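Take a look at the letters that make up each chain.
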Amino acid sequence: MKRNHTMMQFFEWHVEADGSHWNRLKEMAPELKRLKIDSVWIPPVTKGQSDQDTGYGVYDLYDLGEFDQKGTVRTKYGTKQELLDAIAACQENGLCVYADLVMNHKAGADEKELFKVIEVDQHDRTEEISEPFDIEGWTKFTFPGRGEKYSAFKWDFGHFNGTDYDAKEDRTGVFKIVGEHKDWNENVDDEFGNYDYLMFANIDYSHPGVREEMIRWGKWLGNTLGCDGYRLDAIKHINHEFVKEFATEMIKERGEDFYIVGEFWKSDLAACQAFLDTLDYKIDLFDVSLHYKLHAASKEGREFDLSTIFQDTLVSSHPFHAVTFVDNHDSQPHEALESWIEDWFKQSAYALILLREEGYPCVFYGDYFGIGGPAPAEGKKADIDPLLEARYHKAYGTQEDYFDHPNTIGWVRRGVDEIEHSGIAVVISNGDNGEKRMCVGENRAGEQWTDLTGNRQEQITIGEDGFADFPVNGGSVSVWAFAGESSDGHPKDEQAGGSCDNTEQ
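So, here is what we can say about the structure in this document. Not measured: the values here are computed from a predicted model.

Quick look at the overall build of the protein
In terms of regular secondary structure, the protein is built from 10 helices and 27 strands. Dimensions along the principal axes, computed over C-alpha positions, put the protein at roughly 85 × 45 × 40 Å. For the protein, restricting intrachain contacts to residue pairs at least 6 apart in sequence, the fraction spanning at least 24 positions comes to 70%. Here the protein displays about 19,100 Å² of accessible surface, and carbon together with sulfur accounts for 45% of that area. Charge centroids of the protein, computed over 50 positive and 95 negative side chains, lie 4 Å from each other.

Right under this line is the structure:
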């Protein structure tokens, strides 16, 4: 039987910029597999503006830490060879590797150019607030350190439709570039009137040469890395028709199993659903709606109705296209989309993504190993490890929810014949100590179940009717599972199923 799969985002914003990250991944690959991680999403592999750049200020898409550019050969994370070695080590240990692609903008241009722009209102990019005028913009990319190796394509202002800095007057703004067929792309998010422009020099996907080059690069990168998939950054700002074309071409090039997940950062579920429709479900999306529900729950405490935690979430409406997550590099403190889940609720949040039937869960490196920066936090390895074990060994079979109380919710997974001792009962409280009377199956009668998290120390005996009262501490989570023997000291028969009358709860 196919086991549950789990992804890890293998970086946080403040990973040390000492060029050792690819080596760290290589060394940790066997340990990650032992922890029941099956895939890793790695940070942008392309050369940024410096060796400190996280990769989102992308300079040269073809420089993976190979050329002396922007004052460095390596990227923040290491050299090209170290990257290739890390990917090989992951795959040798049965880990898939998904590379982060930044295709919205370019930064760190080699030369300035003089061209005409119209300034627009930063809060409504459809409103022009000037007549056309000349600026000097950093938009010419010649890649002197690489030359024409891998690609002879050179970028100039004609390949962009907006920028944010006028070197001539030393001032910032949102400047729409003037030219034939130049405008903001229409097939983008409608925040700020039109959210095509995000930062730096904004790539113009209405330009046929740009589309052709970016698809060629996407194929080159996949083949060069031999990676198993892509994570697409900031796609609500990119022409949605191009994202569909890009995904189609990558899957055609790399095979049907090539996995693509997109960051479409919208809490509005309808917008996410419409985006998936537009792309014909060729990619998955991170469940931003659920992230914000988890954030609200962590902030509001007992005032939050836990029975509504999955309402209006992508994992509820599109379970096969939702990548669930608790936090990531953008939501951590002091970052662009700060919405950090409070410590007291973090383990419960991970139970909500790791131990359910729906969604493809992603564990954040910063939650597991800790984060640096101005608001450092220790990792929660001890809290997450038992949940990873439970996901791999226990969280299988029919799922039944007991979401009948605003402060104490629970669910069971009945287990499957193919995985011995599988099946769990999960209880979460955001208020006082509580319990849930839940059915795990008459076939489990007499079994002794323990809390895999260690938050509760007692053992629970499953009744003859398959029910038991499963307790939980206030503001906590307990994950109950078969301890290995029945009450008479003999291993139990692990047939899944058995009838339960839910009216007894």
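Considering unusual backbone geometry
Phi is positive for D170, which is not a glycine, with a value near 50 degrees. In this fold, D170 is placed in the loop between strand 10 (160-166) and strand 11 (171-177). A relative accessible area of 57% places D170 in the exposed class.

Points about the pattern of salt bridges
Pairs may arise between side chains of opposite charge once their charged atoms sit close together. Counted according to the given criterion, the structure contains 38 salt bridges. Among the salt bridges present, the one from E342 reaches K299, with a minimum N-O distance of 2.7 Å. One end of the pair, E342, is in the loop between strand 16 (322-325) and helix 8 (343-354); the other, K299, is in helix 6 (residues 288-300), with 43 residues separating them in the sequence. Across the pair D343 and K380 runs a salt bridge, and its minimum N-O distance is 3.1 Å.

Focus: the side chain of S298
Mapped onto the elements of the fold, S298 is located in helix 6. We classify S298 as buried; its relative accessible area is 3%. Every residue in contact with S298, bar those within four places of it in the chain, is listed here: W340, I341, E342, W344 and F345.

A word on the sheet that holds strand 13 (residues 229-232)
Pairing between sheet strands relies on hydrogen bonds along the backbone, with the strands arranged either parallel or antiparallel. The strand order around the closed barrel formed by 8 strands is 1-2-5-13-14-15-16-17, and the pairing between neighbours is parallel. Adjacent strand axes in the sheet meet at a mean angle of 25 degrees, parallel and antiparallel pairs treated alike. Where strand 14 (residues 259-262) lies against strand 15 (residues 284-286), 2 bridges are found, and the strand directions are parallel. The partner of V261 across the bridge, within strand 15, is D284.

Rules of the game
Residues numbered from 1 in each chain as written. Predicted model: local features only at pLDDT ≥ 70, side-chain atom pairs only at ≥ 80, totals over all residues. Heavy atoms only, no water. Helix = DSSP H or I, 4+ residues; strand = E, 2+ residues; numbered from the N terminus. Contact = heavy atoms within 4.5 Å. Areas by Shrake-Rupley, 256 points an atom, 1.4 Å probe, with all protein chains shown as cover. Lys, Arg positive; Asp, Glu negative; His and termini not counted. Charge placed at Lys NZ, Arg CZ, Asp CG, Glu CD. Buried < 20%, exposed > 50% of the residue type's maximum accessible area, 1.4 Å probe, protein only. Salt bridge = Lys/Arg side-chain N within 4 Å of Asp/Glu carboxyl O. Pairing = 2+ DSSP bridges. Axes fitted to C-alpha atoms, helices over the stretch in contact; angles between N-to-C directions.

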